[in-house]
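# Residue-level structural notes
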Amino acid sequence: MSEIAGTRHWWWTAWLLSLCGSGMSVAIGQEPSAQTDPVLATVNGAAVRQSDLEFLCELRRIPETARAATRDRLLEELIDQKLMAQFLQSRRTEATPEELAARVADLRSLIERSGRNPDEVFGKLGITEDVIRRTLALPLAWNHHVRRVVTEEQLQQYFQKHRAKYDGTRLRVSQIVRPLSPPAADAERQAAIELLQQVREEILSGKTTFADAARAHSHSPTAASGGDLGWVVYGARLPRELSDAAFALQPGEISPPVVSQFGVHLLTVTETQPGDLSLEDVRDEVRADLGKQLWAEQLAQERSRAKIERHVP
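What you are looking at is a predicted structure, and each value in this text was computed from that prediction instead of being measured.

### Describing the sheet that holds strand β7 (residues 308–310)
What holds strands together in a sheet is hydrogen bonding between their backbones, with the strands either parallel or antiparallel. Taking strand neighbours across the sheet as the criterion, the three strands line up as β2-β1-β7 in an open arrangement whose pairing is antiparallel. Of all strands in the sheet, those with a lone pairing partner are β2 (46–49) and β7, marking the two edges. Across the sheet, the axes of successive neighbouring strands diverge by a mean angle of 20°, strand direction being ignored. Of the strands in this sheet, β1 (39–43), β2 and β7 are in contact with helix α4 (residues 64–90), which crosses β1 at around 35°.

Dropping the structure here:
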């Protein structure tokens, strides 16, 4: 499987999807000036600029009217990316010139197949060739780091701990969902989370059942059946956030509120059917997910000792 097809890093996937589907007509631009591209934050002295934020907003297809409401959250993501790029640089871990050139060629080919000239992509934001290469290089470098530090014993332990996610186990899942406007402002998201937290407490206290709460509160066609989504295998039908939450539950347990692209959800598992796949069948998936956990752990360390300054726009 190619790195494009196999990587789990959100921004590479989002970038390719947005290029294929957004229909943007842009061109590689010149490096913006400090006057036209203000610094929003510095991370150990390295700048995160307005153009970085605008680029991320374009990838997420966030309209101009909603960008102010999501600014702080997206800025923190950019700070995370800067920190991890610095960490990998400190370990002298980077994408090889050959694989980076191959990813750039893959990207150009993808754009050409969509009927557009690659050199006419990204001009709207003034995104430079250097930004593109740095964006592609980070997940490649992280993949090198994971393969270097993860041991066979860690893979075995992670597989056993999360076996139901990988071995073909089937769960029967029910949900209560409150949809969010695309893209939702932080206040709307928080209101939905608080409502479902209250609903969860009512179910746990015995004031109502999950099925009755779904009929009363869920804004989904499944509400009429008490929220029943039927049988699911990890990653096959549900978004990753919902799969992660469902496969962390024992039958009868209720998840905390989970945010997905579709809204805010409560989940419960009503039945399970064990699977029989081995680690050898799913080794790449296990390594990718363990890498995701290592990313979160390393990021927490980097944030604890970083000098981060946020600038008022």
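### With respect to the packing of helix α7 (residues 152–161) against helix α12 (residues 283–305)
One way to put it is that α7 packs onto α12 with a least axis distance of 10 Å and a crossing angle of 95°. Between α7 and α12, the crossing angle belongs to the class labelled roughly perpendicular. For the pair α7 and α12, the contacting residues are Glu152, Gln154, Leu155, Tyr158 and Phe159 in the first and Arg283, Val286, Arg287, Asp289, Leu290 and Gln293 in the second. Here the residues of the contact of α7 with α12 are counted per class, giving five nonpolar, two polar and four charged.

### What to know about helix α10 (residues 210–217)
Taken residue by residue, α10 has Phe210, Ala213 and Ala214 as its buried positions. An end-on view of α10 places all buried positions within 105° of arc, on one side of the element. Looking at the buried residues of α10, the elements they touch are β3 (170–179), α9 (186–204) and β6 (263–273).

### Things to note about the packing of helix α6 (residues 129–149) against α12
Viewed as axis vectors pointing N to C, α6 and α12 meet at an angle of 100°, and their least axial separation amounts to 10 Å. Taken together, the axes of α6 and α12 are roughly perpendicular relative to one another. Contacts between α6 and α12 pair Leu138, Trp142, Val146, Arg147 and Val149 from the former with Asp284, Arg287, Gly291, Leu294, Trp295 and Gln298 from the latter. Of the residues belonging to the contact of α6 with α12, the class tally is six nonpolar, two polar and three charged.

Cut-off values and rules
- Residues numbered from 1 in each chain as written.
- Predicted model: local features only at pLDDT ≥ 70, side-chain atom pairs only at ≥ 80, totals over all residues.
- Heavy atoms only, no water.
- Pairing = 2+ DSSP bridges.
- Helix = DSSP H or I, 4+ residues; strand = E, 2+ residues; numbered from the N terminus.
- Axes fitted to C-alpha atoms, helices over the stretch in contact; angles between N-to-C directions.
- Contact = heavy atoms within 4.5 Å.
- Parallel < 35°, antiparallel > 145°, perpendicular 65-115°, else oblique.
- Nonpolar A, V, L, I, M, F, W, Y, C, P; charged D, E, K, R; others polar.
- Buried < 20%, exposed > 50% of the residue type's maximum accessible area, 1.4 Å probe, protein only.
- Arc of directions from axis to C-beta.

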